[in-house]
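Below, each chain spelled out in residue letters.
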Amino acid sequence: MSGLTEEQRRLVDDLARRLRAARDPMALTGAGVSTESGIPDFRSAESGIWREHDPMEVASLEGFRREPRRFYTFWEPRFGKLGEARPNAAHRVLAALERAGMLSGVVTQNIDGLHGVAGSERVLEVHGSYRQARCLRCGRVESLEAVTERVRQGRLPICEDCGELMKPDVVLFGEQLPPVFAEATRLARQTDLLVVLGSSLGVHPVAGLVPEAHEAGAAVVLINREPSPYDEMADVVIHGELGPVSRALAERLGFELAD
């Protein structure tokens, strides 16, 4: 378990034991999992994007409706970089846990789709996915590339069925979470072990899944570089880099993580 302190190694051992014993464990992942793959935290107020651009202009539903072409022009190169990213050790260990029957599913705040690329099959994307666009009125779904191509041609990104705007299928400021969040809440209430990776748990209502699980009797494990508001509620807290922790967990469980 190179790269970890003695205390971190002890905590990883504790997590491995809990995963082996759990009846219905689940994972909740945040931006820290994506940043390990080189993806910036777009929603964070501390990220470079929000230091240079007003999120209410380029990342809100109101801003999108006001200037949809500008919205697509701004996000096209940034969404393009998501397509270049590859899964890291955290993605791969979660996929390995699911294959081994030691994880019932992943609830993720991330929009990059890397959990699926890594092999996870039950993934609830509660902030949506950058890979598709959805009509704001009738719900028609198209690939984001197809809608973006219309914008490149100077056309409005409108639905070919009803004429309403087609929006990237990600949750913007000012929007409610998609229906899949109800399923995530159900999982949190029935799990006996919630493992949170790479989330500061500052974005609600997703952060509320932690007390939901805790109050329903689940053990809670938090893995993140920085403290969170729920550290005192957790049974295990590992402050450290996700890469070394994920590789150590895989080693402890006998998993091989292919690059």
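Up top you'll find the structure we're talking about.
Residues numbered from 1 in each chain as written. Predicted model: local features only at pLDDT ≥ 70, side-chain atom pairs only at ≥ 80, totals over all residues. Heavy atoms only, no water.

Undergrad: Let's hear about the layout of surface pockets: which residues, and what values?
TA: Taken as a whole, the second largest pocket spans an internal volume of roughly 330 Å³. Together, 17 residues line the second largest pocket, and Arg134, Lys167, Asp169, Val170 and Pro178 are the ones closest to its centre. Mapped by element, the contributors of at least two residues to the lining of the second largest pocket are β4 (128-135) and β6 (166-170). The biggest single contributor to the lining of the second largest pocket is β4, with 5 residues. (1 Å grid on protein atoms, 1.4 Å probe; cavity = no way out; pocket = protein on both sides within 12 Å on 5 of 7 lines; lining within 4 Å. Points joined across faces, edges and corners; volume = space filled by probe spheres on them. Helix = DSSP H or I, 4+ residues; strand = E, 2+ residues; numbered from the N terminus.)

Undergrad: Lay out the sheet that holds strand β2 (residues 106-108) with the relevant residues and their values.
TA: Taking strand neighbours across the sheet as the criterion, the 6 strands line up as β3-β2-β1-β7-β8-β9 in an open arrangement whose pairing is parallel. With one partner strand each, in any of the chains shown, β3 (123-125) and β9 (236-239) form the two edges of the open sheet. Along the sheet, successive strands turn relative to each other by an average axial angle of 15°, direction set aside. Bridge count between strand β1 (residues 25-29) and β2: 3 bridges; the pairing is parallel. What sits directly across from Leu28, in β2, is Val107. (Pairing = 2+ DSSP bridges. Axes fitted to C-alpha atoms, helices over the stretch in contact; angles between N-to-C directions.)

Undergrad: Summarise the pattern of salt bridges; cite the residues concerned and give the values.
TA: Counted by the stated rule, this structure contains 24 salt bridges. Among the salt bridges present, the one from Glu145 reaches Arg152, with a minimum N-O distance of 2.9 Å. Residue Glu145 is classed as partly exposed on the basis of its relative accessible area, which comes to 47%. Exposure remark for Arg152: the relative accessible area of 40% places this residue in the partly exposed category. Between Lys167 and Glu175 there is a salt bridge, with the nearest N and O atoms lying 3.1 Å from each other. Judged by relative accessible area, Lys167 falls into the buried class, the value being 4%. By relative accessible area, Glu175 is classed as partly exposed at 23%. (Salt bridge = Lys/Arg side-chain N within 4 Å of Asp/Glu carboxyl O. Buried < 20%, exposed > 50% of the residue type's maximum accessible area, 1.4 Å probe, protein only.)

Undergrad: I'd like to hear about the pairing of β9, residue by residue, with values.
TA: Along a regular strand, successive side chains alternate from one face of the sheet to the other. Of the two faces of β9, only one is covered, namely that formed by Val236 and Ile238; the face formed by Val237 and His239 stays uncovered. Judged from the 4 bridges that link them, strand β8 (residues 219-224) and β9 form a sheet pairing that is parallel. Bridge pairing in β9 places Leu222 opposite Val237.

Undergrad: Before we move on, could you go through the packing of helix α7 (residues 89-99) against helix α12 (residues 242-253) and cite the residues and values that matter?
TA: Closest axis-to-axis distance for the α7/α12 pair is 8 Å, and the angle between their directions is 30°. The orientation of α7 relative to α12 falls into the category roughly parallel. For the pair α7 and α12, the crossing hand works out as left-handed. Judged by residue contacts, Ala89, Ala90, Val93 and Leu97 of α7 engage Gly243, Ser246, Arg247, Leu249, Ala250 and Leu253 from α12. (Parallel < 35°, antiparallel > 145°, perpendicular 65-115°, else oblique. Left-handed = near helix turned anticlockwise from the far one by under 90°. Contact = heavy atoms within 4.5 Å.)

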